[in-house]
Amino acid sequence: MRPSAIPHVPAQRTLQSEEVTTTDPLLTVEQAAERLGTGVRFIRRLVQERRIRYVKLGKPVRIPESAIAAYIEERTVPTLRDERSRYGKAA
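Bear in mind the structure is a predicted one, so any value in this text is a computation, not a measurement.

Turning our attention to helix H1 (residues 29-36). Listed as buried for H1 are Val29, Ala32 and Ala33. Take H1 and look down its axis: the buried residues cluster within an arc of 100°, on one side only. Where H1 is buried, its residues meet strand S1 (26-27), helix H2 (40-48), strand S3 (61-64) and helix H3 (65-75). Two residues or fewer after H1 comes glycine 37, characterised by a positive phi angle close to 70°.

Turning our eyes to something else, we now look at the pattern of salt bridges. For the structure on display, the rule yields five salt bridges. Linking arginine 75 and glutamate 74 is a salt bridge whose minimum nitrogen-to-oxygen distance equals 2.9 Å. A relative accessible area of 39% means that arginine 75 is categorised as partly exposed. Several salt bridges converge on common partners, so that one network encompasses Arg45, Glu49 and Arg51.

All right, on to the packing of H1 against H2 then. Between H1 and H2, the least distance of the axes is 8 Å, while the angle of their chain directions is 110°. As judged from the angle between their axes, H1 and H2 are roughly perpendicular. Contact residues: H1 offers Val29, Glu30, Ala32, Ala33 and Leu36, while H2 offers Val40, Ile43 and Arg44. Taken together, the residues of the contact of H1 with H2 sort by class into six nonpolar, no polar and two charged.

Grouped together as the largest cluster of nonpolar side chains are 13 residues, with contacts concentrated most on Ala32, Ile43, Leu46, Val47, Ile52, Ile63 and Ile68. At the level of elements, H1, H2, S3 and H3 are the ones that each hand at least two residues to this core.

Strands sit in the order S1-S3-S2 across an open sheet of three strands; the sheet is antiparallel. Where the open sheet ends on each side, the last strands, each with one partner, are S1 and strand S2 (55-56). Sheet analysis places S2 next to S3, joined by two bridges and oriented antiparallel. The residue of S3 that forms the bridge with lysine 56 is valine 61. Against the sheet, H3 makes contact with S1 and S3, and its axis sits at roughly 60° relative to S3, the strand it touches most.

Rules and cut-offs
- Residues numbered from 1 in each chain as written.
- Predicted model: local features only at pLDDT ≥ 70, side-chain atom pairs only at ≥ 80, totals over all residues.
- Heavy atoms only, no water.
- Buried < 20%, exposed > 50% of the residue type's maximum accessible area, 1.4 Å probe, protein only.
- Helix = DSSP H or I, 4+ residues; strand = E, 2+ residues; numbered from the N terminus.
- Arc of directions from axis to C-beta.
- Contact = heavy atoms within 4.5 Å.
- Salt bridge = Lys/Arg side-chain N within 4 Å of Asp/Glu carboxyl O.
- Axes fitted to C-alpha atoms, helices over the stretch in contact; angles between N-to-C directions.
- Parallel < 35°, antiparallel > 145°, perpendicular 65-115°, else oblique.
- Nonpolar A, V, L, I, M, F, W, Y, C, P; charged D, E, K, R; others polar.
- Core = buried A, V, L, I, M, F, W, Y, C linked by side-chain atoms within 4.5 Å.
- Pairing = 2+ DSSP bridges.

Written out as structure tokens, the structure is:
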């Protein structure tokens, strides 16, 4: 196997558990923006910076519904009560 041209990127991509399935609905950029309550420009920037998974169908870009859910889950900030309950009660 040939080494990657970019030193920090592996030559062969490993499969992730969050791969797109054929049953996962694909959303347009406009639909994704509506789901997140943001503008289309924000979604396009996420795609450009590769901060969200997307599917390229020729020129158009589609975002899997599971990618929107994963994006929300990754960026959800827990409450202080949730953080404290992880450590248990003090003596």
